[in-house]
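# Per-entry structural report
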Amino acid sequence: MTQIIERGKYKVHVPENVISILNMYKQDKNHKKEAGGIILGSVSNDYNIYISKLSLPSVFDKNNRYSFERDKKVAQILINYEFHNSKGRTIYLGEWHTHPEKYPIPSKVDIDMIQEQYKENHINDEFLILFIGGLEGFYLSIYDGHTLMS
Ligand SMILES: [Zn+2]
């Protein structure tokens, strides 16, 4: 079932396959490191946001139990590929990663990261999603260049 999450004027549609990916990388064992990647999907002009896929972690990412930094080149290749293959419909929507806590809250590093990505990103310059998977729930917010709506 697709979950619809409202953040400000936006409605974010999160399908079951996206939740499954978060569950696959859940840090439910002590040796499991943070994992993450980028969020891809499409946007309609009535502020509906459709997440269609999460990129899987790559061997080039830098991660440990309490931090995650994705590889920039791998993500950019995927963004370009999906963009051209969908004739510009599938775009980069934001960033996802896991936290080893029940109900995740973003760290200062996470907030700085999403603000930095917003400044650098030129395909979707309206907003970016920050999506964090925890042990029992997830966190999803939208950064519109001014506020982080959670
Ligand atoms: Zn984090």
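Below: a short report on this structure. Everything numeric in this text was worked out from a predicted model, so none of it was measured. (Residues numbered from 1 in each chain as written. Predicted model: local features only at pLDDT ≥ 70, side-chain atom pairs only at ≥ 80, totals over all residues. Heavy atoms only, no water.)

### Quick look at the coordination of the zinc ion
Ideal values for angles at a metal depend on the geometry: 109.5 degrees with four tetrahedral donors, 90 or 180 degrees with six octahedral donors. Stated formally: Each metal's donors are the N, O and S atoms found within 2.8 Å of it, except that Na, K and Ca use a 3.2 Å limit; water is left out, so coordination can look incomplete. Relative accessibility thresholds used throughout: buried, under 20% of the residue-type maximum; exposed, over 50%; partly exposed, between the two (1.4 Å probe, protein chains only).
Surrounding the zinc ion are the protein donor atoms His97 (NE2), His99 (NE2), Asp110 (OD) and Asp110 (OD), which sit 2.0 to 2.6 Å from the metal. Mapped onto the sequence, the residues coordinating the zinc ion show the spacing H-x1-H-x10-D. Under the relative-accessibility criterion, histidine 97 is labelled buried at 4%. Exposure remark for histidine 99: the relative accessible area of 7% places this residue in the buried category.

### Some words on the packing of aromatic side chains
The test is simple: Ring geometry is summarised as follows: Phe, Tyr and Trp rings, the Trp one being its six-membered ring, pair when their centres sit within 6.5 Å, and such pairs are stacked at plane angles under 30 degrees, edge-to-face over 60 and tilted between the two. Helix and strand labels come from DSSP, where a helix needs a run of H or I of at least four residues and a strand needs a run of E of at least two; each type is numbered from the N terminus.
A complete count under the given rule lists 5 aromatic pairs for this structure. The interplanar angle of 85° and the centroid separation of 5.3 Å between the aromatic rings of tyrosine 118 and tyrosine 143 together place this pair among those described as edge-to-face. With tyrosine 118 in helix H3 (residues 108-120) and tyrosine 143 in strand S9 (residues 138-143), this pair connects stretches of sequence that are 25 residues apart. Among the residues examined, tyrosine 143 registers a relative accessible area of 9% and is labelled buried. Ring centres of phenylalanine 131 and phenylalanine 138 lie 5.2 Å apart, and the angle between their planes is 85°; this geometry places the pair in the edge-to-face category. Since its relative accessible area comes to 29%, phenylalanine 138 is described here as partly exposed. In this structure an aromatic cluster arises from ring pairing among Tyr10, Tyr47 and Phe127.

### Remarks on the side chain of aspartate 110
Let me state the cut-off plainly: Asp and Glu count as negative and Lys and Arg as positive, but His and the ends of the chain are not part of the count. Between Lys or Arg on one side and Asp or Glu on the other, a salt bridge is scored when a side-chain nitrogen of the former is within 4 Å of a carboxyl oxygen of the latter. Contacts were defined at the residue level, with two residues in contact if any of their heavy atoms lie within 4.5 Å.
Secondary-structure assignment places aspartate 110 in helix H3. Buried within the structure, aspartate 110 lacks any salt-bridge partner; lysine 108 is the closest side chain of opposite charge, at an N-O distance of 11 Å. Excluding anything up to four places from it in sequence, aspartate 110 contacts His97, His99, Leu130 and Ile132.

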